[in-house]
Amino acid sequence: MGLAYNTYLNSSRIYGCKACKSHLANHEDIISRNFRGQHGKAYLFNNVVNVEAGEPMERNMTTGRHVVRDITCRVCNEVVGWKYDKAYESTEKYKEGKFILEAELLCTVS
Amino acid sequence: MLMEIDKGEPSSRDPRVVSNGSRPTGEHPLPGSSKTQKAPSETMRGARPNGAAVGVQQETYFGHDREEITRILIQALGDLGYHAAAENVAEESGFQVESPDVVAFRQAVLSGAWSRAEELLCGKGARASGQGSDNGGLVLAPGADRNIMRFRLRQQKFLELLEQRETGRALAVLRNELTPLCQEQHQTLHFLSRLLMCQDTEDLRSKASWDGASGRSRQVLLAQLSGSISPSVMLPERRLAVLLEDLKRSQVDRCLYHTSTESPSLCVDHLCDRSRFPSEMLDELSNPALESSKKPDEVWQVRFSPDGRRLATCGTDETVSIWDAEHLALMHRLHGHLKGEIGNLAWGPDSRLLVTCGFDRSARLWNTDTGECLRTIGGFEEPVSSCVWAADGQTFITGSFDKKKSICQWNMHGECVHSWTRAHRTEDLVLSRDQRWLVAMDEQCNLHVYDFVARKHVYDWALNARPTSLSISRDSRCLLINKADNEAVLLDIETHETVQKYTGQTGGNYTIRSDFGGANENFVICGSEDGHVYIWHKLTGLLVQRLEAHHASCNAVAWNPTDPCMFATAGDDGRVRIWSNRERAKALAATGRHPNGTSRTSSNGSLRSDPMRA
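Residues numbered from 1 in each chain as written. Chains lettered and ligands numbered in written order. Predicted model: local features only at pLDDT ≥ 70, side-chain atom pairs only at ≥ 80, totals over all residues. Heavy atoms only, no water.

Okay, the UniProt feature "repeat: WD" (unreviewed entry) in chain B next. Residues annotated by UniProt as "repeat: WD" (unreviewed entry) correspond here to residues 292-333, 342-376 and 547-580 of chain B. Between the end C-alpha atoms of residues 547-580 of chain B there is a gap of 12 Å, over a span that is 0% helix and 53% strand. (UniProt positions renumbered as here; feature names shortened; annotations may be inferred. Helix = DSSP H or I, 4+ residues; strand = E, 2+ residues; numbered from the N terminus.)

Structural data, given as structure tokens:
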């Protein structure tokens, strides 16, 4: 793939990759803060940028079975969270297509 | 005398236009009176296609007004130095380049007889309107203002008096002659009165940007005034040369495969041969990494040096390669950028220095003769995206995604001499050749235009799609913007008009670059994500050539600035290819060199037989 620069966000509070400070998501795009990942607190975002998604895999989570993909920062290739492809329970369907970013792997870029 | 004879001819003369100077049938030579004329009238009668009357019928020269053509020819003969011939033609035809009033006016201005000049300009009665060349002064061109012309004459008089240190008389001129003429332009009057304070003539000359009565100022004044005088009494200077230049330019502009750099001949309509247009791969610059089986390093930018002798490429492999463009051989590989790809580079005007822009958030200055890194400029918090050099080669300007250091100007010591940063990020940057316009493109859909000399922001311009690269034409008037919606657009910088659009390429995901190129900058060349290189004719937008350049996306293209038959392309397949025409390819093969790359015989270099309308 060719030359592509990072996407830059425009908001008063932006979360970025802890390692390389690439912009990942706007604070306004948080849907819920009630999530937990492998490293502790995690947030559900409507949209994130500058990430690459890996292969889909099925995981059993506290809320049920889901198909998720790990997402990595496109610049430094560090894992920053995951993306929900499919949720098997109907109550969890709202997560489909949304992203989880782990708070431990983020920093604030303003 | 000639005119009388002409008027005496039978009015039943047939005014049909005939070619080759042959007379229409039924005409006979004039009765005996013509024999008393000098020989020129008879040869003239034979030579003129219609043998026409001058005053009676308005015969045309193949559709053009006879009087205009003859006057232009007389002026041209005079300019060429053939004064006797010019006089002869003037006598024979009865036309004159300038009316006697204008001749007298010209002499008056050039000799400094200001009151006589004004008398001629305005006529004896000093009438305000400008009709009639005999009574009311010189006939003016439409829209010309007689008062402005009088002001200019009087201003020259004033300046010449000052030059001779006749300040008293100069003051009188200022008071009595200049002031009544300009009611509103106080600034001009103030400026002129300040000139009274000048200590000596040198000071006067430099302040007024005027080179004195003995210099060219009188000719310059005459040229200015003649622009306002009607062309029916005074032809603009060098009219034939101006017309021919215009004609040549329009022929060159229309040439679809233009590759010659010389001025076109006037004897034949200009058309370049298509076979000289670059359409075959000449060579592929070898990259040893391709031998191994790992994924090839993508090449993201390729640029010729301004003298056309060197080529620089950069991309994902974190080094910059400098190639000799004549021998197509590697000169240096520049190591030094830390981990991170190199997105862009810019040659200095001396073709020796090079600035590279890295994703490692630094810009580096290199000497391409030795391959050493002269300076590293860090301190950016985001990647450096682009660079342009000032024409004097002493400073360069970097563009970066760092909002606080978006556009910065650096000198050779790595010190920031000026910051143009204005709360936008910069993805690409161009500077016009006349050093007037500095244009920045940000990562949203906006262009920001600055006046480089005045160091001011001029305007912002919003585009309808995300732009991926910028280029500016050599005449500093047009901006080429490559956009992610599969279209490249040519914009006039001053009027913001869209001059032309070019389509056919595919893009949208990555940065694809486009550029001007070719003889007379007649072409726009662009890469594409489908691996082709597209060449359009700049003015008409016709697709002239589409070549399969790379097996993956073709990212960057560069036309050799000194060789209209050569351009280079760079792609995601890790290859850099040089393209030229068949005769060059044969010449190269004849020297025993074989082009690198195995795909010579496969589908690259394919030609389209007709220019495609995009």
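Okay, the UniProt feature "domain: Yippee" (unreviewed entry) in chain A next. Here the UniProt feature "domain: Yippee" (unreviewed entry) sits at residues 13-110 of chain A. Within the segment residues 13-110 of chain A, helix and strand shares are 0% and 61% respectively, and the terminal C-alpha atoms sit 6 Å apart.

Turning next to the sheet that holds strand β2 (residues 23-26) of chain A. Strand-to-strand pairing in sheets goes through backbone hydrogen bonds, with the strands running parallel or antiparallel. Residue and element names in this part refer to chain A. On the basis of which strands lie adjacent, the open sheet formed by 3 strands has the order β2-β1-β9 and antiparallel pairing. Either end of the sheet is taken by a strand with one partner, and the two such strands are β2 and β9 (106-109). Shown here is a sheet whose adjacent strand axes are inclined to one another by a mean of 35°, direction ignored. Pairing between strand β1 (residues 14-17) and β2: 3 bridges, direction antiparallel. From the neighbouring strand, Tyr-15 faces β2, where its bridge partner is Ala-25. (Pairing = 2+ DSSP bridges. Axes fitted to C-alpha atoms, helices over the stretch in contact; angles between N-to-C directions.)

Residues and elements named next belong to chain B. According to the stated counting rule, one finds 34 salt bridges over all chains in the structure shown. Between Arg-303 and Asp-515 there is a salt bridge, with its nearest N and O atoms 3.1 Å apart. Highlighted residues: Arg-303 in strand β4 (residues 299-304) and Asp-515 in strand β24 (residues 514-517), separated in sequence by 212 residues. Arg-303 gets classed as partly exposed once you look at its relative accessible area, which sits at 24%. Assessed through its relative accessible area of 12%, Asp-515 is described here as buried. (Salt bridge = Lys/Arg side-chain N within 4 Å of Asp/Glu carboxyl O. Buried < 20%, exposed > 50% of the residue type's maximum accessible area, 1.4 Å probe, protein only.)

In the structure shown here, the tally under the stated rule is 21 aromatic pairs over all chains. On the basis of an interplanar angle of 50° and a centroid distance of 6.3 Å, the ring pair of Tyr15(A) and Tyr43(A) is categorised as tilted. With Tyr15(A) in strand β1 and Tyr43(A) in strand β4 (residues 40-45), the pair connects residues that are 28 residues apart, well separated along the chain. Residue classification places Tyr15(A) among the buried positions, given a relative accessible area of 7%. Here the aromatic rings of Phe277(B) and Phe523(B) are separated by 5.0 Å at their centres, their planes lie at 65°, and the arrangement is edge-to-face. Within this pair, whereas Phe277(B) is found in the loop between α12 (239-254) and β3 (280-285), its partner Phe523(B) is found in strand β25 (residues 523-526), the two being separated by 246 residues in sequence. Here Phe277(B) matches Phe523(B) in class, with each residue buried. Among the aromatic residues, those joined into a ring-pair cluster are Tyr257(B), Phe277(B), Phe523(B), Trp559(B), Phe567(B) and Trp579(B). Over the aromatic face of Phe380(B) sits the side chain of Lys405(B), whose NZ or CZ is 5.6 Å from the ring centroid. (Phe/Tyr/Trp six-rings, centres within 6.5 Å; stacked < 30°, edge-to-face > 60°. Lys NZ or Arg CZ within 6 Å of the ring centre and 35° of its normal.)

Another aspect to go through is the pairing of strand β26 (residues 532-537) of chain B. Residues and elements named next belong to chain B. In terms of burial, β26 is a largely internal element, 6 of the 6 residues being buried. Going residue by residue along β26, you find His-532, Tyr-534 and Trp-536 tucked away on one face and Val-533, Ile-535 and His-537 tucked away on the opposite face as well. In this structure, β25 lies alongside β26, joined through 4 bridges in antiparallel fashion. When the bridges of β26 are listed, Phe-523 appears paired with His-537. Strand direction decides the pairing type here: β26 and strand β27 (residues 543-548), joined by 5 bridges, are antiparallel. Each bridged residue has a counterpart across the sheet, and for Trp-536 the counterpart in β27 is Leu-543.

Attention now goes to the interface of chain A and chain B. Accessible area lost when the parts come together is the quantity often used to give the size of an interface. Listed per partner, the contact involves 10 residues of chain A and 20 residues of chain B. Buried area between chain A and chain B, summed over both chains or domains, comes out near 1,400 Å², and the portion from carbon and sulfur atoms is 51%. At the surface where chain A touches chain B, the tally comes to 0 salt bridges. Along the contact surface separating chain A from chain B lie 5 residue pairs in polar contact (both at pLDDT 80 or more). Its residues assigned to classes, the side of chain A that touches chain B comprises 7 nonpolar, 3 polar and no charged. (Contact = heavy atoms within 4.5 Å. Buried area = accessible area lost by both parts, 1.4 Å probe. Polar contact = N/O pair within 3.5 Å; in protein donor to acceptor, adjacent residues only side chain to side chain. Nonpolar A, V, L, I, M, F, W, Y, C, P; charged D, E, K, R; others polar.)

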